[in-house]
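Here are the chains, one letter per residue:
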Amino acid sequence: MRVFIADKFEQSGLDGLKAAGCEVSYQAGLKDEALVQAVEQFRPDVLVVRSTKVTEALLNAGALKLVVRAGAGYNTIDVAASSRRGIYVSNCPGKNSIAVAELAFGLILALDRRIAANVHSLREGRWNKAEYSKARGLFGRTLGLIGVGQIGREMIPRARGFGLHVVAWSRSLTPEIAESLGVGYKASSPEVATAADVVSVHLALSAQTRGMIDAKFFEAMRPGAYFINTSRAEVVDQDALSRAVGEKGIRAGLDVFAKEPVAGSGDFADDIVKSDSIYGTHHIGASTDQAQEAIAAETVRIVKEFKETGKVPNVVNLAATTPATCALAVRHLDRPGVLASVLDAISAAHINVQEMENVVFEGAEAAVARINLETEPAPDVLAQIQASNRNILEISLIRLNQ
């Protein structure tokens, strides 16, 4: 199996892929047409990326079967184009959770104690203890979490360590789950904004979350509260945040920006960072040695399992539902040609197969195939299937709930 790695990748991951019997081409830093040409020449089965955008042109360049995002999000990959070509897309969720939570708390502390401004003044030769002694402190305050996935959950014990109360909202959060996590349940994101002294956002980017943190959300925040975003820039209306900074005294710690460069380095011109109330880092949430080693190990696991079984862990672009209306269950002897004869009869009836599996019983004498069909076979078609092979023991039709 050929694996092309288009971004910086840990040596342990390279060694792991080679140990798994993969032929690896490691060409970090190629962009646009140069990357397309490299993929065309190498013709990999698997493409591994971090920040590189995977466009339809790149997907069309070779014989790709799998794209692995060596990280949690996958918004830089054209998932729709991958799905049209039958290319699996997988990611490495949860492997950077601790790293991102650590940075989020670093930004919270930096805002409260104005650490960056302190350092800047010292480097300019100015001592201003009177000014920088003004801080609110975190103990006894309330941290509001927007999103309680793996990163959000890593925030909870760290908040307790600082003596913060925690309230949270997430689409999947229920009062019962909140109680089990030891956090206060809020029924909406604006309710979190109203209750919290510090708000930290931990949302994956999707059609539902894009622009979710909007003007209404910032209107609900307490004057002078802190706002942290280490997730995706697109979930926040950055213009609304800028207005909240100016009008309500909101202070923000941001690891992601609307106008950040795609590449690892480059010019950066976003007016929001010119405000003294904004502290920023360079989209480095997942960038610790520990996180990158864990992501490399998970990438190796994904590729190895795909190579050895054809199955893809963490796949994100399989259909949740299909047009299937019924399932044909075929109990049969485990002999060559049985399923071929069944599929020939289904094809002759112009019925489309949506999904199928065949499970073999202990001893490899008998098996059951389950074939999900788009339309229900007529009685005569079912009779033809039953008679198509003497090793078919029984067939039955299951109507699926729509």
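Look up: the structure comes first, before these words.
None of the values given here were measured: they were computed from a predicted structure.

Novice: I would appreciate a short explanation of the packing of helix α5 (residues 97-113) against helix α8 (residues 150-161) in the present structure.
Specialist: For any two helices packed against each other, the geometry comes down to the angle between their axes and how far apart the axes lie. The interhelical angle for the contact between α5 and α8, taken along N-to-C directions, is 50°, at an axis separation of 8 Å. Taken as axis vectors, α5 and α8 run oblique relative to one another. Here the hand of the crossing between α5 and α8 comes out right-handed. Contacts between α5 and α8 involve S97, I98, V100, A101, E102, A104, F105 and I108 from the former and Q150, I151, E154, M155, R158 and A159 from the latter. Considered class by class, the residues forming the contact of α5 with α8 number nine nonpolar, two polar and three charged.

Novice: Would you mind showing me how to read the pairing of strand β4 (residues 66-69) here?
Specialist: It is a general feature of regular strands that their side chains alternate between the two faces of the sheet. Covered by surrounding structure in β4 are L66 and V68 together with V67 and R69, the residues of both alternating faces. Pairing of strand β3 (residues 46-49) with β4 involves four bridges; the strand directions are parallel. Among the inter-strand pairings, L47 is bridged to a residue of β4, identified as V67. In terms of strand pairing, β4 meets strand β5 (residues 88-91) through four bridges, oriented parallel. In the sheet register, L66 faces β5, and the bridge partner there is Y88. On the question of chirality, the crossover connecting β4 to the parallel β5 by way of helix α4 (residues 79-84) is right-handed.

Novice: Would you mind showing me how to read the nonpolar core here?
Specialist: One recurring pattern in soluble globular proteins is that nonpolar side chains are buried together. Residues I146, I213, F217, F218, M221, F227 and L241 are the most contacted members of the largest nonpolar core, which totals 29 residues. For this core, the secondary-structure elements that each account for two or more residues are β7 (165-169), α10 (189-195), β9 (198-201), α11 (215-220), α12 (238-248) and β11 (251-254). A per-element tally of this core places α12 first, with four residues. Contacts of I213, omitting those with residues within four sequence positions, involve I146, V201, F218, F227, V235, V236 and D237. Counting 26 residues, the second largest nonpolar core, distinct from the first, contains L111, I156, A159 and L181.

Novice: Can you walk me through the sheet that holds strand β16 (residues 392-399) in this structure?
Specialist: Adjacent strands of a sheet pair through backbone hydrogen bonds, lying either parallel or antiparallel. Strand order across the open sheet formed by four strands is β14-β15-β13-β16, with antiparallel pairing between neighbours. The open sheet has two edge strands with one neighbour each: β14 (353-360) and β16. The mean inter-strand angle of the sheet, taken between neighbouring strand axes irrespective of direction, is 15°. Contacts between helix α14 (residues 338-348) and the sheet are confined to β13 (326-333), β14, β15 (366-373) and β16, with β13 contributing the most and set at about 150° to the helix. Together, β13 and β16 form the strand contacts of helix α15 (residues 379-387), whose direction differs from that of β16 by roughly 150°.

Novice: Could you clarify how one ought to interpret the sheet that holds β4 in this entry?
Specialist: The strand order across the open sheet built from five strands is β2-β1-β3-β4-β5, with neighbouring strands paired in parallel fashion. The sheet is open, and its two borders are formed by β2 (23-26) and β5, each paired with just one other strand. Direction aside, the axes of adjacent strands within the sheet are offset by 20° on average. Here strand β1 (residues 2-5) pairs with β3 via three bridges, running parallel. Paired with F4 across the strands is L47, a residue of β3. Helix α1 (residues 11-19) rests against β1 and β2 of the sheet, and its axis sits at about 155° to β2. Where helix α13 (residues 289-309) meets the sheet, it contacts β1, β3, β4 and β5, and its direction lies at approximately 165° from that of β4.

Parameters and conventions
Residues numbered from 1 in each chain as written. Predicted model: local features only at pLDDT ≥ 70, side-chain atom pairs only at ≥ 80, totals over all residues. Heavy atoms only, no water. Axes fitted to C-alpha atoms, helices over the stretch in contact; angles between N-to-C directions. Helix = DSSP H or I, 4+ residues; strand = E, 2+ residues; numbered from the N terminus. Parallel < 35°, antiparallel > 145°, perpendicular 65-115°, else oblique. Left-handed = near helix turned anticlockwise from the far one by under 90°. Contact = heavy atoms within 4.5 Å. Nonpolar A, V, L, I, M, F, W, Y, C, P; charged D, E, K, R; others polar. Buried < 20%, exposed > 50% of the residue type's maximum accessible area, 1.4 Å probe, protein only. Pairing = 2+ DSSP bridges. Right-handed = clockwise from strand over helix to strand, strands pointing away. Core = buried A, V, L, I, M, F, W, Y, C linked by side-chain atoms within 4.5 Å.

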